[in-house]
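Examining the three-dimensional arrangement
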Amino acid sequence: MNTLSTRTLGILGILSGFAAFFLLISPYYYFLGRTAYIPKTNPDFGYFLPKSLEAWFFLALALSLLTFSFVALVMFMKRKN
């Protein structure tokens, strides 16, 4: 069985972590439209939850990338030691 090298695991963990944080932090509601999200009481503070299927997809993608990043980095640390 071919396994990934230690360096590849580290790079995958870091890149997927950056992608997850970009999707979570960036205001992608500008791309989908403000109607795709439920606004907070004061809309200047951002939005509360996704309302459309596309917005839920981006949130699920970001959370799954973050989970993959943690798993890859834990595997990287175990192999490094």
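Up top is the structure.
Below is a short write-up of the structure. Worth saying up front: this structure is predicted, and the values here are computed from it rather than measured.

The next subject is the overall build of the protein chain. When helices and strands are counted, the protein chain shows three helices and two strands. Starting at the N terminus, the α and β elements of the protein chain follow one another as α-α-β-β-α. In terms of overall dimensions, the protein chain is more spread out than a globule: its C-alpha atoms have a radius of gyration of 16 Å, far above the 12 Å expected for 81 residues. Oriented by its inertia axes, the alpha-carbon framework of the protein chain measures out at about 50 × 25 × 15 Å. Per-residue burial for the protein chain yields a buried fraction of 28% across its 81 residues. Contacts in the protein chain between residues at least 24 apart in sequence constitute 54% of all its contacts with a sequence separation of at least 6. By element, 71% of the accessible surface of the protein chain is carried by carbon and sulfur atoms, the whole surface being about 6200 Å².

Quick look at the side chain of serine 69 now. Take serine 69: it is sitting in helix H3 (residues 53-80). Overall, serine 69 belongs to the buried group, its relative accessible area being 4%. Those residues in contact with serine 69 that lie beyond four places of it in its chain are Gly13, Ser16 and Gly17.

Another point: helix H1 (residues 6-25). The terminal C-alpha atoms of H1 lie 28 Å apart, and with 20 residues this matches the ideal 28 Å at 1.5 Å per residue to within 8%. Restricting attention to buried positions, one finds in H1 the residues Leu9, Gly10, Gly13, Ser16, Gly17, Ala20 and Leu23. In a view along the axis of H1, the buried residues occupy a sector of 165 degrees, so they form one face of it. The exposed residues of H1 that point more than 90 degrees off its buried face are Arg7, Leu15, Phe18, Phe22 and Ile25. For H1, the secondary structure elements touched by its buried residues are H3.

Let us now look at H3. Counting along an α-helix, one turn takes 3.6 residues, and residues three or four places apart therefore face a common direction. Helix length check: H3 (28 residues) gives 40 Å between terminal C-alpha atoms against 40 Å at 1.5 Å per residue, within 8%. Those residues of H3 that sit buried are Ala55, Leu59, Ala62, Leu66, Ser69, Ala72 and Phe76.

Cut-offs used in this document
Residues numbered from 1 in each chain as written. Predicted model: local features only at pLDDT ≥ 70, side-chain atom pairs only at ≥ 80, totals over all residues. Heavy atoms only, no water. Helix = DSSP H or I, 4+ residues; strand = E, 2+ residues; numbered from the N terminus. Rg over C-alpha atoms; globule rule 2.2 N^0.38 Å. Buried < 20%, exposed > 50% of the residue type's maximum accessible area, 1.4 Å probe, protein only. Contact = heavy atoms within 4.5 Å. Areas by Shrake-Rupley, 256 points an atom, 1.4 Å probe, with all protein chains shown as cover. Expected span 1.5 Å × (residues − 1). Arc of directions from axis to C-beta.

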